[in-house]
Amino acid sequence: MSAERLYAYVAHGPRDLSVWAMSGTGDFSKLQELPINDRDLAPGTPIGRFAALCVSPDRRFLFASDRAAPYGIRSWAIDREKGTLTYLGDSPAADSSPYIITDPPGNFLLAAHNPVDPDRRTGFVSVAAIREGFVQAPHQVIRTPPKTHAIQVDASGRFVLLPCCDADVVVRLRFDCRTGLLDSDTLSPLVTRPGAGPRHCVFHPGNRFAYVNNEYDGTIYAYSFDPRDGAMSEIQVVQTRPASAGPDENVRVGDLRISPNGKFLFTTVRSGSTVVGFAVDPRTGLLTSIGQTQVDGEARSLAFDPLGRFLVVNGRLTHTAHTYRLDGETGALDKVSAFRAPDHPGWIELVNLS
């Protein structure tokens, strides 16, 4: 693979997006800046309400959630030679969305919605068809528990997980890739300890395990997963809480990512500005701590390069992003480069266009 064929897409606050070329040594050079929305934002719109990004499975399109009312999804075409983006259009969204994904074939966009108004104690999940890179208006919207913060689809495309911070549950749904419809009546939710705050989740690449990090108490739950019927069982709970945090302090855990080969799991802990890592047992799915890495200014989002050689971590408060080389045997992180990003870097997507 040519090093010049790696690209990074970074969201900045609620408005902007930047495009970067990534070298084989982990360095970045900026190619483009674009708006996620073109409107004047309402006074008081939080800069921390980051847009979510996702790339279509065929790497032809990039999508971003516009989290400034009126809410929507913006679509771009990806230039396969240059990595740059061409605006395609906007579509309406059910509400503010902190997380978007596509199903494995790339025919539908699924979004988790967390209403901005704190008095609206609810969440939503929506499904919208994708037609040649254009996201359509949602054809299904289902109410979910409060502060639904993320969404993941398993590799078979048949099961969906939705962590809901303020309900201490992970909603489980069946999904039909042919019709693009969710079935909310057949699977019971996963229940965490009170006050845990399920935030993000990932499936293991082998599709036999799943992991959920908890924003408030700093735990990570590991589950077995059966892709035949969606059955899940809790197998482990591990802790990421910094030693300096009080027993009742909100740890403010952020992103959760698993390496492409499934050997390592990393999460950001915003209260301590750390990235916490675990080795994953490929047979049992159990996690073993590999330590914490101090990072810049409230790390929020993570991304592995597609080959699993590097982990990129942003620093929201320092407006920087740092590249760490990942030791393939131990999971240790070694900082190799940094770049100054536009203000408040959030979501990161790394894409191989070779």
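Everything that follows concerns the structure shown earlier in this document.
Residues numbered from 1 in each chain as written. Predicted model: local features only at pLDDT ≥ 70, side-chain atom pairs only at ≥ 80, totals over all residues. Heavy atoms only, no water.

> Can you help me understand the packing of aromatic side chains in this one?
Where two aromatic rings form a pair, the distance of their centres and the angle of their planes describe that pair. Summed over the entire model, instances satisfying the criterion amount to 8 aromatic pairs. A ring pair is formed by Trp20 and Phe339, whose centres lie 4.2 Å apart and whose planes are at 45 degrees; its orientation type is tilted. One end of the pair, Trp20, is in strand β2 (residues 16–22); the other, Phe339, is in strand β29 (residues 333–340), and 319 residues separate them in sequence. Neither residue differs from the other here; Trp20 and Phe339 are each classed as buried. Here the aromatic residues Trp20, Phe28 and Phe339 are joined through ring pairs into a cluster of three or more. (Phe/Tyr/Trp six-rings, centres within 6.5 Å; stacked < 30°, edge-to-face > 60°. Helix = DSSP H or I, 4+ residues; strand = E, 2+ residues; numbered from the N terminus. Buried < 20%, exposed > 50% of the residue type's maximum accessible area, 1.4 Å probe, protein only.)

> Is there a simple way to explain the sheet that holds strand β27 (residues 310–315) in this structure?
Consider a sheet: its strands pair through backbone hydrogen bonds, and that pairing is either parallel or antiparallel. The antiparallel open sheet is built from 4 strands, whose spatial order is β26-β27-β28-β29. The strands lining the two open edges of the sheet, one partner per strand, are β26 (302–304) and β29. Recorded for the sheet is a direction-independent mean angle of 25 degrees between the axes of neighbouring strands. In this sheet, β29 lies alongside strand β28 (residues 320–326) in antiparallel orientation, the contact comprising 7 bridges. (Pairing = 2+ DSSP bridges. Axes fitted to C-alpha atoms, helices over the stretch in contact; angles between N-to-C directions.)

> Help me understand the layout of surface pockets in this model?
Rolled over the atoms, a probe with the dimensions of a water molecule shows which regions are left empty. Considered as a void within the structure, the largest pocket measures approximately 1,200 Å³ in volume. Around the largest pocket, the lining comprises 35 residues; the ones closest to its centre are Val55, Ile101, Gln152, Arg257 and Glu349. Among the secondary structure elements, those contributing two or more residues to the lining of the largest pocket are β4 (53–55), β8 (99–102), β13 (152–153), β18 (198–203), β22 (253–258), β26 and β30 (345–352). Here the lining of the largest pocket takes 5 residues from β30, the largest share from any one element. (1 Å grid on protein atoms, 1.4 Å probe; cavity = no way out; pocket = protein on both sides within 12 Å on 5 of 7 lines; lining within 4 Å. Points joined across faces, edges and corners; volume = space filled by probe spheres on them.)

> Explain the pairing of strand β24 (residues 274–280) to me, please; I cannot follow it from the model alone.
Put simply, side chains in a regular strand alternate between the two faces of the sheet. Burial analysis of β24 places 6 of its 7 residues in the buried class, the great majority of the element. As defined by bridge partners, strand β23 (residues 264–269) adjoins β24 across 6 bridges and the pair is classed as antiparallel. Its bridge partner being in β24, Phe264 is matched across the sheet by Ala279. Counting the residues that bridge the hairpin from β23 to β24 gives 4 residues, and of these Ser273 lies at a positive phi of roughly 50 degrees. In this sheet, strand β25 (residues 287–294) lies alongside β24 in antiparallel orientation, the contact comprising 7 bridges. Opposite Phe278, over in β25, you have Ser289 as the bridge partner. Between β24 and β25, which pair antiparallel and follow one another directly, the connecting turn spans 6 residues, one of which, Gly285, has a positive phi of 80 degrees.

> What is the right way to read the side chain of Thr320 from this model?
Tracing the backbone shows Thr320 in strand β28. Thr320 sits in the buried class, given a relative accessible area of 14%. Polar side-chain contacts of Thr320 include one of 3.4 Å to the side chain of His322. Not counting residues within four places of it along the chain, the set of residues in contact with Thr320 comprises Asp296, Val313, Asn314, Gly315, Phe339, Ala341 and Pro345. (Polar contact = N/O pair within 3.5 Å; in protein donor to acceptor, adjacent residues only side chain to side chain. Contact = heavy atoms within 4.5 Å.)

> Explain the sheet that holds strand β6 (residues 72–78) to me, please; I cannot follow it from the model alone.
In spatial order, the strands read β4-β5-β6-β7; together these 4 strands make up an open sheet with antiparallel pairing. Every interior strand has two partners, whereas the edge strands, β4 and β7 (85–92), have only one. Each strand of the sheet is rotated relative to its neighbour by a mean of 20 degrees, with strand direction disregarded. As paired strands, strand β5 (residues 61–66) and β6 are joined by 6 bridges and run antiparallel to one another. Within the sheet, the bridge partner assigned to Asp66 lies in β6 and is Gly72.

> Just to check I follow, could you spell out the pattern of salt bridges for this structure?
Side-chain pairs of opposite charge can arise whenever the charged atoms involved come near each other. Within the structure shown, the criterion is met by 12 salt bridges. For Glu33, the salt bridge identified is with Lys30, shortest N-O distance 2.5 Å. The residue Asp58 makes a salt bridge to Arg60 at a minimum N-O spacing of 3.8 Å. The exposure class of Arg60 is partly exposed, given its relative accessible area of 36%. Because the salt bridges share partners, they merge into one network encompassing Lys147, Arg199, Glu215 and Arg270. (Salt bridge = Lys/Arg side-chain N within 4 Å of Asp/Glu carboxyl O.)

> What is the right way to look at unusual backbone geometry in this model?
For residues other than glycine, phi is negative in most cases, and the peptide bonds are mostly trans. Across the junction of Ala69 and Pro70, the peptide omega takes the value 0 degrees, indicating a cis bond. Assignment of secondary structure puts Pro70 in the loop between β5 and β6. Unlike most non-glycine residues, Lys147 shows phi in positive territory, near 55 degrees. One non-glycine residue, Asn207, lies in the positive phi region at around 65 degrees.

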